[in-house]
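Here is how the chains run, residue by residue.
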Amino acid sequence: MTREILYRNPDLAKLWLGQMLSQIGTKMFQIALIWWFISQFEGQSGKLIGWLLIFGVAPSVLMVRWIGQLVEKSELKSLIIRSDLFAFIVCCTLLVSLALNFKEPWIFFLASFCLSSSQAVIDPAVNKFLPKLSHTEDLNFAVALISSTLTFASFLGALIGAIVIASLGLKGSLIFNAASYLVSCLICLRISTKSDISQSVDEIVGNLSEIIYKHKFFISVMIVFAAINIFLTPVLVTMPLYVKNILDGGAYTLAVMEAFLWAGMLLGSFMTDFTKKYQDVLLVGFVTMTIVGFALIGGAMSQNLWAYGGGMLFIGASLGLMNVRFISMFQEKVPESDKGRFFALLMAVINAFTPIGFLGFGILVDKYSVITLSIAQGLGVIAIGIGFLILRRWRPKTL
């Protein structure tokens, strides 16, 4: 079935492969950099990791209006290729810095901001491009496939990254990342589908407020997503220290735990066919967030390698399932003329509260038990997930 759909939509397969390869390289480098922070800056690593991840989400929030306009007015294939090339140049510049033995933390924060700026443009461009890359009847599969890009790439990046880190170190991981962006660019050049530029700059400037007003219910849904990120995304801060301090593991163990998380997200992304009979997307959101909360609490309290890994698997599967269901809903309900700005705004709102979680838990994890903080994360996710139940009372009749 999957092979038939990819054969029927060859440009979709090219886009997926290109984005997956670039993100495998990015994940490998991120794991190497986080472990380097832990090794080089004992007692400050949590704060540094938090700042690194803050710089990683800042572009989509700070530049949301500009990104939305850029995606609306640009030919999408060209925009994705140029973004990959920009990321390649950033990686090469950072390699020069490492070759000169310049390893101040701020240079990595700046590189993270630049690489994330590239991805902040690519994500809404890809979402707007999807209907043109796939047949109408294959759109749900296309959403699941593209949603799985980060998860599948992170799964492979975590596993392969452990080997690369051990043998080639930080520079080797960065070389792989630069090469992955270049290959992604070359693959995307082979996409034959062209996107129409249907709106001029004059038509879209200043219209972000209109998007918010027209889709205010979906904006409310985004706000719940954003609030959940305060407690959920700091897993990327607490996990490395949990592995080191509680499980007494190394870089390979961290890679395996991350692989459990991303494998679960990949599994969840393709479980949507089994949940299509449940039309209430908001209820699905509440249930999946409840599972995530209890998995966080149970995994942390177990202090056991495999129980913690199992918790990451359940967390990933729940997030993957929820992500595809909500993105599919947005693809169906948002008009084509609004999608560029809408998906740019989606990224911005989802990421708006993420820096609070990264920095807050990044500071706290250097002062308090990582087990206590993981339990607090689980309780926070469950509490905010109730927001989906509240939104059900005001949902449009078409949902």
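Above this note sits the structure.
What you see is a predicted model; the values in this text were computed from it and never measured. (Residues numbered from 1 in each chain as written. Predicted model: local features only at pLDDT ≥ 70, side-chain atom pairs only at ≥ 80, totals over all residues. Heavy atoms only, no water.)

(A) Geometry of the overall build of the protein chain. Per the secondary structure count, the protein chain includes 17 helices and zero strands. Counting all 399 residues of the protein chain, 58% fall into the buried class. Surface summary for the protein chain: the accessible area is close to 16900 Å², and the carbon and sulfur share equals 66%. (Helix = DSSP H or I, 4+ residues; strand = E, 2+ residues; numbered from the N terminus. Buried < 20%, exposed > 50% of the residue type's maximum accessible area, 1.4 Å probe, protein only. Areas by Shrake-Rupley, 256 points an atom, 1.4 Å probe, with all protein chains shown as cover.)

(B) Examining unusual backbone geometry more closely. Residue Asp248 is not a glycine yet carries a positive backbone phi of 55 degrees. With respect to the element layout, Asp248 can be found in the loop between α11 (235-245) and α12 (251-269). Here Asp248 falls in the exposed class, since its relative accessible area comes to 68%. Of note in this structure, Gln303 is not a glycine but carries a positive phi near 55 degrees. Tracing the chain through its elements places Gln303 in the loop between α13 (281-302) and α14 (305-333).

(C) Quick look at the environment of Ser374. Checked against the element boundaries, Ser374 lands in helix α17 (residues 370-391). Look at Ser374 and you get buried, because its relative accessible area is 3%. Between the C-alpha atoms of Ser374 and Tyr242, which are 132 residues apart in sequence, the distance is 9.2 Å. Not counting chain neighbours up to four residues away, the residues in contact with Ser374 comprise Thr238, Leu296 and Ala300. (Contact = heavy atoms within 4.5 Å.)

(D) View of the packing of aromatic side chains. For the structure on display, the rule yields 10 aromatic pairs. Here Phe55 and Phe109 contribute two aromatic rings whose centre-to-centre distance is 5.4 Å and whose plane-to-plane angle is 10 degrees, an arrangement assigned as stacked. Taken as a pair, Phe55 in helix α3 (residues 45-62) and Phe109 in helix α6 (residues 105-133) lie far apart in primary sequence, 54 residues in all. Ring centres of Phe326 and Phe388 lie 5.5 Å apart, and the angle between their planes is 40 degrees; on these two criteria the pair is classed as tilted. A residue pair is termed long-range when its members are at least 10 positions apart, and Phe326 in helix α14 and Phe388 in helix α17 qualify at 62 residues. Here the two residues Phe326 and Phe388 agree in accessibility, since each one is buried. Each member of the aromatic cluster is reached from another via a ring pair, and the members are Phe37, Trp51, Phe55, Phe108 and Phe109. In this structure, Arg393 packs its charged tip against the face of Trp394, placed 5.9 Å from the ring centre. (Phe/Tyr/Trp six-rings, centres within 6.5 Å; stacked < 30°, edge-to-face > 60°. Lys NZ or Arg CZ within 6 Å of the ring centre and 35° of its normal.)

(E) Up close: empty space enclosed by the protein. The full count for this structure, using the stated rule, is four cavities of 30 Å³ or more. There is about 50 Å³ of room inside the second largest cavity. Val235, Thr238, Ala295, Leu296, Gly299, Ala300, Tyr308, Met312, Ser374 and Gln377 together form the lining of the second largest cavity. Where the lining of the second largest cavity is concerned, the elements lending two or more residues are α11, α13, α14 and α17. Counted by class, the lining of the second largest cavity contains six nonpolar, four polar and no charged residues. (1 Å grid on protein atoms, 1.4 Å probe; cavity = no way out; pocket = protein on both sides within 12 Å on 5 of 7 lines; lining within 4 Å. Points joined across faces, edges and corners; volume = space filled by probe spheres on them. Nonpolar A, V, L, I, M, F, W, Y, C, P; charged D, E, K, R; others polar.)

(F) Geometry of the pattern of salt bridges. Here the structure, examined in full by the defined rule, presents one salt bridge. Two residues, Arg392 and Asp280, come together in a salt bridge whose shortest N-O distance is 2.6 Å. Residue Arg392 is located in the segment after α17, and its partner Asp280 is located in the loop between α12 and α13; the two are separated by 112 residues in the primary sequence. (Salt bridge = Lys/Arg side-chain N within 4 Å of Asp/Glu carboxyl O.)

(G) How the structure looks around the side chain of Asp280. Look at Asp280 and you get buried, because its relative accessible area is 16%. Once you skip the residues sitting within four places of it in the chain, Asp280 turns out to touch Arg392 and Arg395.

(H) Geometry of the nonpolar core. The biggest cluster of nonpolar side chains holds 118 residues, and the ones touching the most others in it are Phe37, Phe108, Val221, Met239, Phe326, Phe330 and Phe388. If you tally residues by element for this core, the top one is helix α2 (residues 10-40), at 15 residues. The residues contacting Phe388, other than those within four sequence positions of it, are Val221, Val224, Ile228, Leu282, Gly285, Phe286, Met289, Met322 and Phe326. (Core = buried A, V, L, I, M, F, W, Y, C linked by side-chain atoms within 4.5 Å.)

(I) Focus on the environment of Phe41. Topologically, Phe41 is positioned in the loop between α2 and α3. Residues Phe41 and Pro105, spaced 64 residues apart in sequence, show a C-alpha to C-alpha distance of 9.9 Å. Excluding residues that lie within four positions of it along the chain, Phe41 makes contacts with Trp36, Leu48 and Pro105.

(J) Geometry of α17. In a regular helix each residue adds 1.5 Å, so 22 residues correspond to 32 Å; α17 covers 32 Å between its end C-alpha atoms and thus fits that length. The distance from a side-chain oxygen at the start of α17 to the backbone nitrogen of Ile371 is 3.1 Å, and the residue carrying that oxygen is Ser369. (Expected span 1.5 Å × (residues − 1). Polar contact = N/O pair within 3.5 Å; in protein donor to acceptor, adjacent residues only side chain to side chain.)

(K) Structural context of a nonpolar patch on the surface. A contiguous nonpolar patch, built from Val96, Leu100, Phe102, Trp106 and Leu110 and spanning about 530 Å² of accessible area, is present on the exposed surface. On the basis of relative accessibility, which here comes to 49%, the residue Trp106 falls in the partly exposed class. (Patch = residues over 30% accessible without salt bridge, like charges linked within 9 Å, V, L, I, M, F, W, Y side chains within 5 Å.)

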